Amino acid sequence: MIEELRIRGLGVIDEAAVDLGPGLTCVTGETGAGKTMVVTSLALLLGGRADAGAVRTGSAQAEVEGRVATVDPEVWARVEDAGGATDDGALVLARTVGSAGRSRAVLGGRTVPAAVLAEVGASLVTVHGQNDQQRLLRPAQQRHALDRYAGAPVADLLEAYRTAYERLRVVEAEEAEIAAHLRERAQEADLLRFGLGEIETVSPQPGEDEALAVEAARLGHAESLREAATGAHALLRSDADALGSDSDALTSLARAVDLLERVRDHDPDLAGPLARLRDASALAEDVAAELATYAASVDADPARLAEVQQRLADLGGLRRKYGDTVAEVLAWAERARDRLGAVGGDDERLSALQAESVALRATLAARATELSAARAAAGERFAAEVSAELAALAMPQARLEVALRHAAGGPDGLVLPGEADPVAFGPHGVDEVELLLVPHPGAPARPLARGASGGELSRVMLAVEVVLGATDPVPTFVFDEVDAGVGGRAAVEVGRRLARLSRSAQVLVVTHLPQVAAFADRHLVVRKDDAGAVTAASVVAVDGEDRVRELSRMLAGQEDSETAAAHAAELLDLAAVERPDAPVTAGARRRKGRR
């Protein structure tokens, strides 16, 4: 519920404060006094389009601030998500529009995009002006109204339908993507298979290239390696025939050890050199043995050398294509196998997707049929209730009908059970919903856009909201010019229906009809001062004689007319019947007794 509204620099309003409450509040005033600016300010506050032209001449900006009481947990969760906070349990919204066109939106003390205000506001307030009447003529809005009325039976079916619909969109998108790139992926798969075939033919082993390089170097220099090992061995331990029995290193080391052994007792300092000579002699002995073994093992094998060189050439061919080392070649092969598993399975994946698509379409067709049946049943009830409301709104011969149609879908449409031709479908099902008005018996049912006058359309919209308010209530309704083109008895019935709607919701009405204003629980009058401005003191609540004077002005243009005053009092007595808490005059008591 909107508790308070403050407006500055908007249209003719210099500054105004509007205190609102539960029930029905009517705003009246002279033409051009600025009463419609109340609705304009609410539209801004609820995320509507910012228009610099609405900024009051001479003002730098227009400012609107509202205080709303709500217990809706979803609203509070959205406010918290936006970083906003409460103000003593109420939500404060604000909007500023600069004369240059820039706007700023505030939700719970935090600056937010205007779209966030619109999102939160949609859960709090429903605004109906002349533009909103035009929106009611759109098929999408009419379908939305029917679904709101139907409630859970349609909402549950629609949720099940949408789940299958969204999955179908994903499946068909993947199916189209695979089909579009099937040739490219087949070519990629061929290249991957060729590369893997080359690698599998060579069958490289981890580290093999490094080991073969070492073996190739050894085989290529076998003779020189053997000669070097043999020569080194001879220098360490040679045959007497080769270098003489006393010419090798081991013999010399043995003699040096013997010489030091003879004199070691004469000087302890010789112990160290003697020990190292012994170690050197033992080490030289080991080296000599290793060299002898190595020299015997070195074999110049031309066949093995050719084999190693060929193997290295094969590995080199793989490295030129798939990596700088055998390790990188093997890593490429691993990635290629994974990719081939993904790419090479396109045919199977495409077949699986096509099968799933067929199954999903069958599911969707069944869900859509159930949804259409539920909408049709709800449409009959909705039409009957709205028609009853129209009868009470001085349209006793009028009847509303709800028509459900299916548009042709073409080759990509949905085939419903028992049907031959495909129909168009979307996230809301297959139904095109249209509200038709039969103005009197014998007249053809015509779409609201062509079959209803301005006054009739206003009453149809009010009847729709009264019916919706009973099944899907919104905390606050705002009506601007809902009584356009209405007068006499019809105007009284509009006021009565607004009063009944206000029993379950806060209702704010901008009106020029005294028959409607008489039903208000709270009557606000917007007046301009002598300078043509609306100031903070210019939006006043009237009651008692002041209210009678305002209704007299609305009736006859004369506040002091006794005839108009009597008529105004009669209207207030008539309205009191619908307002249990209103002061009851003698006239009202007589009317209640007759009812």
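Provided above is the structure to which this section pertains.
Just so it is clear, the structure is predicted and the values come from calculations on it, not from any experiment.

Caption draft 1: Expanded view of the packing of helix α20 (residues 544–556) against helix α21 (residues 562–576). Packing of α20 against α21 brings their axes to within 8 Å, and their N-to-C directions diverge by 110°. Viewed along their axes, α20 and α21 adopt a mutual orientation that is roughly perpendicular. In the crossing of α20 with α21, the sense of the turn from one axis to the other is right-handed. Of the residues in α21, those in contact with Arg547, Val548, Leu551, Ser552, Leu555 and Ala556 of α20 are Ala564, Ala565, His567, Ala568, Leu571 and Leu572. Classifying every residue of the contact of α20 with α21 by side-chain character gives nine nonpolar, two polar and one charged.

Caption draft 2: Fine view of the packing of aromatic side chains. Summed over the entire model, instances satisfying the criterion amount to five aromatic pairs. Each ring, one from tyrosine 161 and one from tyrosine 165, has its centre 6.0 Å from the other, and the planes form 20°; the classification is stacked. Remark: tyrosine 165 and tyrosine 161 occur in helix α6 (residues 152–180); sequence separation between them is four residues, near one turn of the helix. Residues phenylalanine 477 and phenylalanine 479 carry aromatic rings whose centres are separated by 6.1 Å and whose planes lie at 15° to one another, so their mutual orientation is stacked. Judged by relative accessible area, phenylalanine 479 falls into the buried class, the value being 0%. Three or more aromatic residues link up through ring pairs in this structure, and these residues are Tyr161, Tyr165 and Phe425.

Caption draft 3: Layout of the pattern of salt bridges. All chains considered together, the criterion is met by 24 salt bridges. We note a salt bridge from glutamate 15 to arginine 8, for which the minimum N-O separation is 3.9 Å. For glutamate 15, a relative accessible area of 35% puts it in the partly exposed group. Exposure remark for arginine 8: the relative accessible area of 31% places this residue in the partly exposed category.

Definitions and cut-offs
- Residues numbered from 1 in each chain as written.
- Predicted model: local features only at pLDDT ≥ 70, side-chain atom pairs only at ≥ 80, totals over all residues.
- Heavy atoms only, no water.
- Axes fitted to C-alpha atoms, helices over the stretch in contact; angles between N-to-C directions.
- Helix = DSSP H or I, 4+ residues; strand = E, 2+ residues; numbered from the N terminus.
- Parallel < 35°, antiparallel > 145°, perpendicular 65-115°, else oblique.
- Left-handed = near helix turned anticlockwise from the far one by under 90°.
- Contact = heavy atoms within 4.5 Å.
- Nonpolar A, V, L, I, M, F, W, Y, C, P; charged D, E, K, R; others polar.
- Phe/Tyr/Trp six-rings, centres within 6.5 Å; stacked < 30°, edge-to-face > 60°.
- Buried < 20%, exposed > 50% of the residue type's maximum accessible area, 1.4 Å probe, protein only.
- Salt bridge = Lys/Arg side-chain N within 4 Å of Asp/Glu carboxyl O.

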